[in-house]
Amino acid sequence: MTNKVVHLVPSFGCGGLEKVIVNLINNSSHLNLEHVIISLTDELTMKDQLTLPIEIISLNKKPGNDISTHFKLFSLLRKMKPIALQSYNFATLEYHFIAKLAGVKKLIHSDHGRGGDHPEGKNKLHNFLRYLVGRVVNHYVVVSHDLKKWVIESILIPEKKVSLVFNGVKINKNISASVKNPINFISVGRLDPVKNQTLMIESFVEAINEGLIDSNSVLRVVGDGPSRKVLENIIEQLNASNYVVLLGYQADVESFLLKSDAFLLSSVYEAMPMTILEAMANKIPVLCTDVGGISQFISDESAWISPSKDKQTYKNYLGDLQKNEVERLDKINTAYDLVCEKYSIETMVDRYCGFYQ
């Protein structure tokens, strides 16, 4: 008899959080676990990346407060009798009370970011709900040091319940660092103000115009979201359609990553972005902004880390990344060793499955 684990998600669309769940499920087939994904909404794009036959259920939640989802979840949990329920991010918090009533013994909540809250996590109503849920769950999981500090000191979650579990990625064992100057740059992420792709695009175009990077360089941006129209207008205003391409949503992100020479990220907040780890695990050099938990899991020995919203520094680092071969290779190899040591899928799976069992 297998032990059933329910993953409760706001949606199962394309994103870093969803990729973590995919990695967890795809790499735990050797354990006596049966995973079920329950999504509040019917956005289920990432289901195609699952390699195991997983049951996926949508509660078809309506916008706003939809009490019917609570009844649906209660009925499902009573029927399934899972050994554990793991929820992800703020939108799923309230359902732990339903899971408790349904008799689920192990309750786990994971915060992979502050989920649209006040940028510093100071939304009092949201934090009070987190505080209440912290009294119900068995484990409160966070993915970065800054989130751990926040939930303990600001949300007052008991420290003994808080676990720091780093995201894990697949390590490419058969790859060597390229010595050629990077020409094909890539960024992967939701097109959203928090990702601040405006800074990245403007810095990239200015770096070309000022001769800091090769005029044949191209930046491809994978992802979609509410900022798409704004970014399209910026690219048009800069007359940069030859340099910057918005590719929209792509199911096979890895294939685009492997065809690229450098990875860029320009967010104003990140906890522990999967995309950085995936780039490093494939020996692709990284330029990112120093926000959230980034500088607590990588350092300037493994990447170029620019102050947030600092276009001049970001632009200069683009030039360094492309032209300084020795520094680039040093960072690539240091980053790869770091991911192998601390951020493998196997380490992450062992931690999560330890909670369930």
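My aim in this report is to walk through the structure given alongside it, one point at a time.

So, how was this worked out
Residues numbered from 1 in each chain as written. Predicted model: local features only at pLDDT ≥ 70, side-chain atom pairs only at ≥ 80, totals over all residues. Heavy atoms only, no water. Buried < 20%, exposed > 50% of the residue type's maximum accessible area, 1.4 Å probe, protein only. Helix = DSSP H or I, 4+ residues; strand = E, 2+ residues; numbered from the N terminus. Pairing = 2+ DSSP bridges. Right-handed = clockwise from strand over helix to strand, strands pointing away. Salt bridge = Lys/Arg side-chain N within 4 Å of Asp/Glu carboxyl O. Core = buried A, V, L, I, M, F, W, Y, C linked by side-chain atoms within 4.5 Å. Polar contact = N/O pair within 3.5 Å; in protein donor to acceptor, adjacent residues only side chain to side chain. Contact = heavy atoms within 4.5 Å. Axes fitted to C-alpha atoms, helices over the stretch in contact; angles between N-to-C directions.

1. Side note on the pairing of strand β10 (residues 244-248)
At step 1: Alternating positions in β10 separate cleanly, V244, L246 and G248 being buried on one face and V245 and L247 remaining unburied on the opposite face.
At step 2: Pairing geometry for strand β9 (residues 218-222) and β10, over 4 bridges, is parallel. Looking at the pairing, L219 lines up with V244 of β10.
At step 3: Of the crossover connections in this fold, the one passing from β9 over helix α7 (residues 228-237) to the parallel β10 is right-handed.

2. Digging into the pattern of salt bridges
At step 1: Under the criterion given, the structure shown has 15 salt bridges.
At step 2: Note that D261 and K180 form a salt bridge whose closest N and O atoms lie 3.6 Å from each other. Here the residue D261 occupies a position in the loop between α8 (253-258) and β11 (262-264), and K180 occupies one in the loop between β7 (162-164) and β8 (184-188), the gap between them amounting to 81 residues.
At step 3: Under the relative-accessibility criterion, D261 is labelled buried at 14%.
At step 4: The class of K180 is partly exposed, set by a relative accessible area of 49%.
At step 5: The closest approach of N and O atoms between D224 and R228, which form a salt bridge, is 4.0 Å.
At step 6: Overall, D224 belongs to the partly exposed group, its relative accessible area being 38%.
At step 7: R228 sits in the partly exposed class, given a relative accessible area of 23%.
At step 8: Bridged by salt links that share partners, the residues E202, E206, E210, K311 and K315 form one connected network.

3. Re the nonpolar core
At step 1: In this structure, F12, I38, F263, I276, I298, Y352 and Y356 are the most contacted members of the largest nonpolar core, which totals 92 residues.
At step 2: Sorting elements by how many residues they give to this core places helix α13 (residues 345-356) first, with 7 residues.
At step 3: Counting 25 residues, the second-largest nonpolar core is a separate cluster that includes V205, A240, L246 and L321.

4. Considering the side chain of H70
At step 1: Here H70 shows up in helix α2 (residues 68-80).
At step 2: Among the polar contacts listed, one links the side chain of H70 to the side chain of E94, at a separation of 2.9 Å.
At step 3: Leaving out residues up to four positions away in the same chain, H70 has contacts with E94, Y95 and I98.

5. Here we look at the pairing of strand β2 (residues 33-39)
At step 1: Counted residue by residue, β2 has 6 buried out of 7 residues, so it is predominantly covered.
At step 2: Between the parallel pair strand β1 (residues 3-9) and β2, the chain is carried across by helix α1 (residues 16-26), and the sense of this crossover is right-handed.
At step 3: In this structure, β2 lies alongside strand β3 (residues 55-58), joined through 4 bridges in parallel fashion. Bridge pairing in β3 places S39 opposite S58.

6. So, the sheet that holds β3
At step 1: Within the open sheet, the 7 strands sit side by side as β3-β2-β1-β4-β5-β6-β7. Their pairing is parallel. Edge positions in the sheet fall to β3 and β7, since each of these pairs with one other strand and no more. Direction aside, the axes of adjacent strands within the sheet are offset by 20 degrees on average.
At step 2: Both β1 and β2 contribute to a ladder of 7 bridges, which runs parallel. Bridging across to β2, V6 finds its partner in V36.
At step 3: The strands that α1 touches are β1, β2 and β4 (84-88); relative to β1, the one it contacts most, it runs at about 170 degrees.

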